[in-house]
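# Reading the structure
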Protein chains: 2
Amino acid sequence: MDPHLLRTFVAVAEHRSFSAAASALGYTQSAVSQQIAALEAELGVALLRRRPVEPTQAGERLLEHAGPLLLRLAAARADVTRAAAAPAARLTVAATALGAASAGLPAALMRLRAARPRAEVEVRLAGAPEVARLVAAGEAELGLADGLAAPTDPLPVAAATAGHLTARGVAHRDLAVALPREHPLAGAAGLALGDLVDALWIDAPALGAPLTRLREVAGADGFRPGLAYTGSDVATLAALVAAGHGLTLLPATAGTPWPYGPGTTGVRLTAPRLVHRVELLHATLPPGPAADLAAALAPAG
Amino acid sequence: MDPHLLRTFVAVAEHRSFSAAASALGYTQSAVSQQIAALEAELGVALLRRRPVEPTQAGERLLEHAGPLLLRLAAARADVTRAAAAPAARLTVAATALGAASAGLPAALMRLRAARPRAEVEVRLAGAPEVARLVAAGEAELGLADGLAAPTDPLPVAAATAGHLTARGVAHRDLAVALPREHPLAGAAGLALGDLVDALWIDAPALGAPLTRLREVAGADGFRPGLAYTGSDVATLAALVAAGHGLTLLPATAGTPWPYGPGTTGVRLTAPRLVHRVELLHATLPPGPAADLAAALAPAG
DNA sequence: CCATGCGATAAGTGATACTGATGGAGGGTG
DNA sequence: CACCCTCCATCAGTATCACTTATCGCATGG
């Protein structure tokens, strides 16, 4: 079970073609064929049906294991090389846009800069699953992922990662429904989900996928999808709401004015009780800027 | 990062010797030397200091990853070969002695036998960490591990396993202090831990390590270790208690008479609130006898 | 019935991973 | 202080392995 073979097996299964996988990996088709044959011989099991190319039942099982395995392998590699090459002060933080803002990353980074002026820091924005992947693979030391969850639940993203990561809630806020300023419900003190089943909703997978989560929680058949927004910029999302493409959910801000966009306003979501939660993801942290920043990020959730 | 190289690296680190690892693995010393050199060259990092042989900091990091990685690799292998070779009805259950009894494994197996008369079943007794390892490595489909925990906490054993396992509580009972029948406190209605700080205790690592857990929970310096019992047989443990070697903790039995040994009796432990908990460990279960048995084992905890 | 596309197979070659022998550094011993 | 012994590194030689190139077999579709 050479990881090499595993990697090409995954590639073949994804491409559903030996030749395509071969050129993607920079091999000849023959090499891929031999590699798969070798893997099958080693395990004594057919992993792929040919023509059309698709995984057998055994192949499916292997695919389930292969992802986490290769991820963990990458993590080990990154961890080891980092341990040696960099007693230096370099730190990569992967974060979702809302996660970084809600957890107070900028302020925490300023404190870090004060304590360790020589630390090189990179902030890398990505969607929540990608943040988890980056941290799991060791490409980032810390991750801030945000999402919608029931008040006591962890984010689903944490469970999905291989298992060698620890997650800690570093921020949670109530949710607000983002509405156009002139929307009839814009002045309401609070809204329950039932009031909004018939409304048009904008789903934003990169910003917590509010619509998808709503449907999971409420189980309702309503919540018509008005528009899917695949960007990760909140201002653009707010502009879409302002223009009437639909409603969406954003973390509420206590006290301060609604910050997301001038044409929109927020009304607290009162039921079901859902929160916007940010979790800090990391593997075991050796002392250094990463550990400092992790400690600086919110006194536990 | 060939798993092969990883395995010999682990062996060298454990044996603290290239030659010893070589003979353990069936290689020549030269081969091991070359393998380690190859690994270090690939990662660009020194993993071991020689003379004496000990891991560098980078090596330590790699060691932390290597175990789970190799475990997961074994799991993948087992899972794949099982998926193909055995649509048949064969099932291995790893269990601790108290875990099997407390979770009602015998009865559940009888029900399984009724539903699937042709199923071959193997029950494999082991300590809790070994149970977890067996399930994680795919050598057993199901695992029943028992241990002491706070009422809401999961068992620590579950957290230690690589992460691709799911754990479900299938039984929990209050704890009783096992005392010799003629012990002055034998007639008490309940005992708090404070009453017993000065007593002699028997620790039984294979039976939940009560003494170790007690000290973690109570933090007290008391709880003198009278005797360490490394066996896994409860009757023997009870005999040791009866002979006055010390007290220990066993799951209480509600209503029914104290079943563990004629010379002993049990008094409920009232504080701190600790429970004896049994968890069912398993990876993703395809339909089959394993899934049936998992379902038959207690309607959730 | 033939062209085309895709995977399997065969043959050849360079790289690789062992074994066995030798070298050199540390640590103990007379 | 010389000696030896242990232990790891290194070297040379060899068998195996993993790739490439070339070819084959077999579906599918015109």
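Residues numbered from 1 in each chain as written. Chains lettered and ligands numbered in written order. Predicted model: local features only at pLDDT ≥ 70, side-chain atom pairs only at ≥ 80, totals over all residues. Heavy atoms only, no water.

This paragraph deals with the protein's contact with DNA strand C. Inspection of the region around DNA strand C gives 18 residues, with Ser19, Ser33 and Arg50 of chain A together with Thr28 and Ser30 of chain B positioned closest. Near-protein atoms of DNA strand C (within 4 Å) split between backbone and bases, with sugar and phosphate holding 52%. Within the contact set of DNA strand C, a phosphate oxygen lies 3.1 Å away from a backbone nitrogen or oxygen of phenylalanine 18 of chain A. Within the contact set of DNA strand C, a phosphate oxygen lies 3.1 Å away from a side-chain nitrogen or oxygen of glutamine 35 of chain B. Listing elements by their share of the surface near DNA strand C, those giving two or more residues are helix H2 (18-25) and helix H3 (29-43) of chain A together with helix H3 (29-43) of chain B. (Near = heavy atom within 4 Å. Polar contact = N/O pair within 3.5 Å; in protein donor to acceptor, adjacent residues only side chain to side chain. Helix = DSSP H or I, 4+ residues; strand = E, 2+ residues; numbered from the N terminus.)

Next up on the list: the interface of chain B and chain A. In this assembly, 28 residues from chain B lie in contact with 28 residues from chain A. With both chains or domains summed, chain B and chain A bury close to 2,700 Å², and 65% of this area falls on carbon and sulfur atoms. Taken together, chain B and chain A are joined by 4 salt bridges. Its salt-bridge partner being arginine 77 of chain A, residue glutamate 42 of chain B comes within 2.6 Å of it at the nearest N-O pair. At the boundary of chain B with chain A, the tally comes to 6 residue pairs in polar contact (both at pLDDT 80 or more). Sorting elements by how many residues they give to the side of chain B that touches chain A places helix H4 (residues 57-85) of chain B first, with 17 residues. In terms of residue class, the side of chain B that touches chain A is built from 17 nonpolar, 5 polar and 6 charged. (Contact = heavy atoms within 4.5 Å. Buried area = accessible area lost by both parts, 1.4 Å probe. Salt bridge = Lys/Arg side-chain N within 4 Å of Asp/Glu carboxyl O. Nonpolar A, V, L, I, M, F, W, Y, C, P; charged D, E, K, R; others polar.)

Turning next to the confidence of the model for chain A. Model confidence for chain A is summarised by a mean pLDDT of 83, while 93% of its residues fall at 70 or above. Confidence, expressed as mean pLDDT per element, reaches its minimum in chain A at helix H8 (residues 156-160) of chain A with 66 and its maximum at helix H1 (residues 3-15) of chain A with 92. (pLDDT = per-residue confidence, 0-100.)

As a matter of local geometry, DNA strand D sits amid 18 residues, with Thr28 and Gln34 of chain A together with Ser19, Ser33 and Arg50 of chain B nearest to it. Among the atoms of DNA strand D lying within 4 Å of the protein, the sugar-phosphate backbone contributes 52%. Taking glutamine 34 of chain A, its side chain carries an N or O atom lying 2.9 Å from a base oxygen of DNA strand D. Measuring from a phosphate oxygen of DNA strand D, one finds a side-chain N or O atom of glutamine 35 of chain A at 3.1 Å. For the surface near DNA strand D, the elements supplying multiple residues, two or more each, are H3 of chain A together with helix H2 (18-25) and H3 of chain B. Class assignment for the residues of the surface near DNA strand D results in 4 nonpolar, 11 polar and 3 charged.

In this section: empty space enclosed by the protein. Under the definition given, this model contains 3 cavities of 30 Å³ or more. What the largest cavity holds in volume is close to 130 Å³. Every residue lining the largest cavity is counted, 16 residues in all, and those nearest its centre are Asp79, Arg82, Val135, Gly138 and Ala283 of chain B. Of all the secondary-structure elements, those providing two or more residues to the lining of the largest cavity are helix H4 (57-85) of chain A together with H4 and helix H7 (128-136) of chain B. Considering each element in turn, the lining of the largest cavity owes the most residues, 4 residues, to H4 of chain B. Tallied by class, residues from the lining of the largest cavity come to 8 nonpolar, 4 polar and 4 charged. Domain assignment of the residues forming the lining of the largest cavity places at least three in each of domain 1 (3-83) and domain 2 (89-301) of chain B. (1 Å grid on protein atoms, 1.4 Å probe; cavity = no way out; pocket = protein on both sides within 12 Å on 5 of 7 lines; lining within 4 Å. Points joined across faces, edges and corners; volume = space filled by probe spheres on them. Domains from an automatic or database assignment.)

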